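Structural description and commentary
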Amino acid sequence: MRPRPLFIENPEHDRYVSLVPDGDIEEILSKQRTKIITLLSSVSEESARKAYAPGKWTLKEVIGHMTDSERVMSYRMLAIARNESAPLPAMDQDQYVSAANFNKLSWEQLLAGLDTVRSNTLSLISTIDDAAWVRNGTVMNSPVSIGTIAYGIAGHELHHMKVISDKYL
């Protein structure tokens, strides 16, 4: 079982990590994977193209953002686990969503991508040993541990699932 981070290096990360219940992070991420795909597979292509308000992302864009964010966070875990010493870059979420054209992709394709990325995240976590799990790297000029990133992935999904449930479904 991977321990919950005892110390969150940056308060910005705590907003997501604090949403995650206690428990085995691999089990939490795996259960999230099943839950989100099951819930969203019943959403129609038409509904997925809608935003809940002007200037807000469509549901397709939200899922694309979640997928891209998890890709970036998983890369950060990999880099830190492999002793990368260079600071890792920030991610401008609006730029990523704008450049991706998620609304041109099918809903099925977006859900498959989200599912695949989570599978890859779980595979990566299974390769990280205990010594690396607590290792810190630098992201956006701030220290962060692999454990904080992993719990941040789960918390990021919880945050967006609340928005999806409250505003889109």
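Looking up the chain in an unreviewed UniProt entry gives the name DinB family protein, with the organism given as Cytobacillus firmus.

Observations concerning the overall build of the chain
For the chain, the helix and strand inventory stands at 8 helices and 2 strands. Its helices and strands in sequence order give the chain the pattern α-α-α-α-α-α-α-β-β-α, from N to C terminus. Computed over C-alpha atoms, the radius of gyration of the chain comes to 16 Å, within 12% of the 15 Å expected from 2.2 N^0.38 for 169 residues, which places it in the range of a compact globule. Seen through its principal axes, the chain has C-alpha atoms that stretch 45 × 30 × 25 Å. Burial statistics for the chain: of 169 residues in total, 46% are counted as buried. Long-range contacts, defined here as pairs at least 24 residues apart, represent 76% of the contacts in the chain between residues at least 6 apart. Taken as a whole, the chain presents about 8900 Å² of accessible surface, with 52% of it coming from carbon and sulfur. With 18 positive and 21 negative side-chain charges, the chain shows a spacing of 4 Å between the two charge centroids.

Details of the pairing of strand 2 (residues 142-145)
Side chains on a regular strand alternate between the two faces of the sheet. For strand 1 (residues 136-139) and strand 2, the ladder comprises 4 bridges, and the chain directions are antiparallel. The residue of strand 2 that forms the bridge with G137 is V144. Hairpin geometry of strand 1 and strand 2 is characterised by an intervening segment of 2 residues between the two adjacent antiparallel strands and by a positive phi of about 55° at M140.

Digging into the pattern of salt bridges
This model, assessed by the stated rule, comprises 13 salt bridges. With its nearest N and O atoms 3.8 Å apart, the salt bridge here joins R15 to E12. Here E12 and R15 lie together in helix 1 (residues 11-17), a separation of 3 residues that amounts to about one turn. With relative accessibility at 46%, the residue E12 sits in the partly exposed group. By sharing partners, the salt bridges in this structure join R2, E26 and D130 into a single network.

Side note on the environment of S69
For S69, the location among the structural elements is in helix 4 (residues 59-81). Judged by its relative accessible area of 5%, S69 is buried. Sequence-wise, S69 and G152 are 83 residues apart; in three dimensions their C-alpha atoms are separated by 10 Å. Not counting chain neighbours up to four residues away, the residues in contact with S69 comprise M91 and H156.

Quick word on the nonpolar core
Counting 26 residues, the largest nonpolar core has I25, L29, M77, I128, W133, I146 and I149 as its most contacted members. For this core, the secondary-structure elements that each account for two or more residues are helix 2 (25-40), helix 4, helix 6 (107-127), helix 7 (130-133) and helix 8 (146-168). Residue contributions to this core peak at 6 residues, all from helix 8. Beyond its immediate stretch of four places on either side in the chain, I149 contacts M73, R76, M77, I80 and V144. Core analysis: the next-biggest nonpolar cluster, separate from the first, contains 18 residues, I36, M66, W107 and M161 among them.

The rules behind the values
- Residues numbered from 1 in each chain as written.
- Predicted model: local features only at pLDDT ≥ 70, side-chain atom pairs only at ≥ 80, totals over all residues.
- Heavy atoms only, no water.
- Helix = DSSP H or I, 4+ residues; strand = E, 2+ residues; numbered from the N terminus.
- Rg over C-alpha atoms; globule rule 2.2 N^0.38 Å.
- Buried < 20%, exposed > 50% of the residue type's maximum accessible area, 1.4 Å probe, protein only.
- Contact = heavy atoms within 4.5 Å.
- Areas by Shrake-Rupley, 256 points an atom, 1.4 Å probe, with all protein chains shown as cover.
- Lys, Arg positive; Asp, Glu negative; His and termini not counted.
- Charge placed at Lys NZ, Arg CZ, Asp CG, Glu CD.
- Pairing = 2+ DSSP bridges.
- Salt bridge = Lys/Arg side-chain N within 4 Å of Asp/Glu carboxyl O.
- Core = buried A, V, L, I, M, F, W, Y, C linked by side-chain atoms within 4.5 Å.

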